[in-house]
Amino acid sequence: MIYDAASDRYVPLDWQQAFNLIGEELNKIPDPHQAEFYTSGRASNEAAFLFQLLVRAYGTNNFPDCSNMCHEATSVGLPKSIGIGKGTVLLEDFDHCDAIFSFGHNPGTNHPRMMATLHEASRRGVPIIVFNPLKERALERFASPQSPVEMATFSSTPIASAYHQVRTGGDLAALKGLMKHVLEMDAADLEKGGDGLLDRAFIAEHCIGFEDLRQDLEATDWDSIERASGLSKSALKSAADVYVKAKKVILCYGMGITQHSRGTENVQQLANFLMLRGNIGREGAGICPLRGHSNVQGDRTVGITEIPNKALIDGMERAFGFRPTDKQGHNAVESIEAIAEGHSKALICLGGNLAVAMFDPEYVFKAMRKLDLSVHITTKLNRSHLLIGKTTILLPCFGRTDLDTQESGPQAVTVEDSMSMVHASRGFLNPPGELLKSEPAIVAGIAKATLGNRYGIDWDWLIADYDRIRDKIEIVFPIFKDYNSRIRVKGGFRLDVPASYRKWNTESGKATFRVAQGLNVDPALAGPDVLVLTTLRSHDQYNTTVYGLDDRYRGVFGRRDVLFMNEHDMADRGLTEGALINIVSAAVEEDDKRTIQGYTVVRYDIPRGSVAGYYPEMNTVISRHHYDRQSGTPAFKGVPVTIAATA
Ligand SMILES: Nc1nc2c(c(=O)[nH]1)N[C@H]1C(S)=C(S)[C@@H](COP(=O)(O)OP(=O)(O)OC[C@H]3O[C@@H](n4cnc5c(=O)[nH]c(N)nc54)[C@H](O)[C@@H]3O)O[C@H]1N2
Ligand SMILES: Nc1nc2c(c(=O)[nH]1)N[C@H]1C(S)=C(S)[C@@H](COP(=O)(O)OP(=O)(O)OC[C@H]3O[C@@H](n4cnc5c(=O)[nH]c(N)nc54)[C@H](O)[C@@H]3O)O[C@H]1N2
Ligand SMILES: [Mo]
């Protein structure tokens, strides 16, 4: 479909016409660095790999990606700590651990399969220690749909053995407190003639940076830790006690850790905490970032990155005979800036709803309307598609469950999950329309029309049989060795995660304790009336797709125009439950002050000074200047706001 200004409608367009038009427009742009290529994490490895091939052959690394808004703090932070930006545990490890720490994720809603694992662990008597500002129901108690007894008797199993309602953004301080306790307990144990509580052999053999960390923790006083974390020294002690008693600890985390202005450092403190007792790289222990989209991790692995390393460039040269540019491209925040400034002229989206997922829609929507070319490869219509540029084209594609038949027959595609397991799936439903194409076929169509025969890449040959795409992936990325045969084994295979067997691909070859200066006292959050807004998913949504208005675990029904508040913060402002309020951005930058009007106050069990509301509605008050400078992840979970009753 193409937008037709005369009739103010999208009108049908032949596939070949669409490809040709896109090719013409892309070729009009004087410099390839003036086009942006977004990927949302639903794209399969095969589609994402072809997309990066198209973009690199075109000549840029402008790869804004949903991962830039999600686990980028993990992808940037963990490699410096443990040499890889991925989790180190397998699902089986949960059967062997004897404590689980959970920071900033809401599995009852967002990772329902994880609930079964936590449920089982809890029944086994494994303590589960939760750090989350909100009391999340499914983390407190959970009735397993897999348990006939619980289903029949309406009973449930307690999940969290201790629930620490850390202040929003207080995790850095909480983690320093936990580690400070561990060091103090270790010293006390040594004094009593014990062996100490640190894994000294692990630290000596595998780590660097321990002395710097120790000094930082010694220099951090308990008062500041209590104030910044919102947790008492004794509460932190009880959690540290569980930690040192356990032989094998797994730590899980989500967006409550990554989406902060110091998200990267948050992630690194999690790694420090585990490394103190050698809880990385052995059975039953490790770090477990819970990913979002089904293939957000895989897309990164197969080359969707704005900062290609030498191995990637060399691999591309090996597989395709040309050497792509190594010039650093744009991440999501930078791509929006480039579009807003009129520097970038085109945006091609492999899925997603970028404009709505991002901060400050007033700014972002205006930017999108300046584009000369916007193209969306998509399964469903969404709001971003209505941000019309000069030429705006929608290319409908198959979903994962649709049967994808190419020249050599039905095709399977592959994805990588949070545990680095790669498996194949094949669609089985008849596609919803005869005219739809697969994502790889659409990317190939755009590529042919844009690049012609550049570098002799035979796009038709590649998409005729996706095994050929996988063979190319294997040439570029040798960790996919025997890709096509290994995905044919039931359950797929695991990509190599060196940290999981204590091989550290860091600069020094060691696991590295990384010091974060000070506590997370973000100046933007310091004003007298300022509250820290965190933005959440409800039970009835998948990211920007809102399926219904209920959020059953949080007890909100039929609406989303609410703000969760602590009762003292309400009283301070003379508000009672049900009061109508305006939420005003307290961003430091004047041009970013925006307001959300007429929302309703809901009293909630949340720490004083923290408020919560739903993503994406709350994005209106999120400043484009407020993101983690290391990873580019917007601070979606630490937004300064003030609240006023409506006039
Ligand atoms: N049903 C459903 N499933 C999904 C999604 C969906 O939208 N719907 N989205 C998918 C995607 S892309 C992702 S990334 C994942 C996201 O999964 P989660 O990481 O669970 O995402 P959020 O809903 O953003 O919730 C974050 C949790 O962090 C807590 N939190 C907020 N601020 C802080 C803080 O400062 N510190 C701590 N410790 N906790 C905090 C919140 O109270 C909440 O419980 O889910 C994926 N799965
Ligand atoms: N305030 C705030 N903002 C946030 C977050 C937050 O917690 N708070 N979370 C951030 C996070 S973690 C993420 S991951 C981003 C999400 O950002 P995006 O990934 O851009 O957003 P989604 O809503 O997941 O995109 C959904 C759209 O993708 C398309 N789609 C779905 N499936 C497919 C498919 O198989 N193929 C193709 N081609 N298209 C498909 C459909 O058009 C659908 O409307 O949002 C971020 N924004
Ligand atoms: Mo995400």
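Coordinates for the structure precede this section.
The structure displayed is predicted, hence computed values, not measured ones. Here the residue numbers are simple positions, counted from 1 along each chain's written sequence. Key to labels: chains lettered from A, ligands numbered from 1, both in the order written. Where totals are concerned, whole chains, interfaces and linings use all residues; where local detail is concerned, this predicted model gives features only for residues with pLDDT of at least 70, and gives and counts side-chain atom pairs only at 80 or more. To get the side-chain values, take all heavy atoms of the structure and skip hydrogens and water.

Another aspect to go through is the site of ligand 2. As a structural note, the neighbourhood of ligand 2 is formed by 30 residues, with Tyr38, Thr378, Glu439, Thr544 and Asn619 the closest of them. Contact between ligand 2 and Ser40: an oxygen atom at 2.7 Å from a side-chain N or O atom of the residue. For the purposes of these results, a polar contact is taken to be a pair of N or O atoms within 3.5 Å, where, inside protein, one atom must be able to donate a hydrogen and its partner to accept one; residues adjacent in sequence count only when each atom of the pair is a side-chain atom. Asn543 is positioned with one of its side-chain polar atoms (N or O) 3.0 Å from an oxygen atom of ligand 2. Surface accessibility in these figures is a Shrake-Rupley result with a 1.4 Å probe; residues are shielded only by whichever protein chains are displayed. When the free accessible area of ligand 2 is taken as 920 Å², the share hidden by the protein chains comes to 97%. The set of elements that each furnish at least two residues to the shell around ligand 2 consists of helix H18 (354–357) and strand E13 (373–378). When residues are sorted by character, Ala, Val, Leu, Ile, Met, Phe, Trp, Tyr, Cys and Pro go into the nonpolar class, Asp, Glu, Lys and Arg into the charged class, and all the rest, Gly among them, into the polar class. Of the residues contributing to the shell around ligand 2, the split by class is 12 nonpolar, 13 polar and five charged. Whether a residue is near a molecule or strand depends on its heavy atoms: it is near if one of them lies within 4 Å of it. Secondary structure is summarised from DSSP: a helix means a run of H or I of at least four residues, a strand means a run of E of at least two, and numbering begins at the N terminus for each.

Taken together, the three strands give an open sheet; going across it, the order is E17-E18-E19, and neighbouring strands pair in antiparallel fashion. Single-partner strands in this sheet number two, and they are strand E17 (412–416) and strand E19 (493–494). Only strands joined by at least two bridges in the DSSP assignment are considered to pair. As paired elements, strand E18 (residues 421–426) and E19 share two bridges and run antiparallel to each other. Following the sheet pairing, Val422 is matched in E19 by Phe493.

Looking now at the layout of surface pockets. The pocket and cavity definitions rest on a 1 Å grid over protein atoms only: a 1.4 Å probe that fits but cannot leave marks a cavity, an open set with protein on both sides within 12 Å along at least five of seven lines marks a pocket, and residues lining either have an atom within 4 Å of a point. Grid points are joined across faces, edges and corners, and a volume is the space filled by probe spheres set on the points. Of the volumes computed, that of the second largest pocket is approximately 1500 Å³. Lining the second largest pocket are 47 residues, and of these Ser75, Pro79, Gly85, Ile307 and Asn309 lie nearest its centre. Those elements that provide at least two residues to the lining of the second largest pocket are helix H3 (72–82), helix H15 (296–301), helix H16 (310–320) and helix H17 (332–340). For the lining of the second largest pocket, the leading source of residues is H3, giving five residues. In terms of residue class, the lining of the second largest pocket is built from 17 nonpolar, 17 polar and 13 charged.

Once that is clear, we can look at empty space enclosed by the protein. Taken as a whole, this structure holds two cavities of 30 Å³ or more when the rule is applied. Taken as a whole, the largest cavity encloses approximately 70 Å³ of empty space. Along its surface, the largest cavity is lined by Leu347, Cys349, Gly351, Gly352, Asn353, Leu354, Ala355, Met368, Ser374, His376, Ser384 and Leu387. Elements that contribute at least two residues to the lining of the largest cavity include exactly strand E12 (346–350), H18 and E13. For the lining of the largest cavity, the per-class residue count stands at six nonpolar, six polar and no charged. Empty space within the second largest cavity amounts to approximately 30 Å³. Along the walls of the second largest cavity sit Asn106, Thr109, Glu136, Arg137, Ala138, Asp551, Tyr553 and Arg554, which together make up its complete lining. Grouping the constituent residues of the lining of the second largest cavity by class yields two nonpolar, two polar and four charged. Throughout the structure description, domain borders are defined by an automatic or database domain assignment. Here the lining of the second largest cavity spans two domains, and each of domain 2 (72–290) and domain 3 (523–645) adds at least three residues to it.

The environment of ligand 1 is formed by 29 residues, the closest being Asn106, Glu136, Asp171, Gln541 and Asn543. Backbone polar atom of Thr109 to a nitrogen atom of ligand 1: 3.1 Å apart, as the coordinates give it. His260 places a polar side-chain atom, nitrogen or oxygen, 2.9 Å from an oxygen atom of ligand 1. Protein coverage of the free-state accessible area of ligand 1, which is 920 Å², stands at 96%. Mapped by element, the contributors of at least two residues to the shell around ligand 1 are helix H4 (107–110), helix H13 (255–258), strand E21 (531–536) and strand E22 (541–542). A domain-level breakdown of the shell around ligand 1 finds at least three residues from each of domain 2 (72–290) and domain 3 (523–645).

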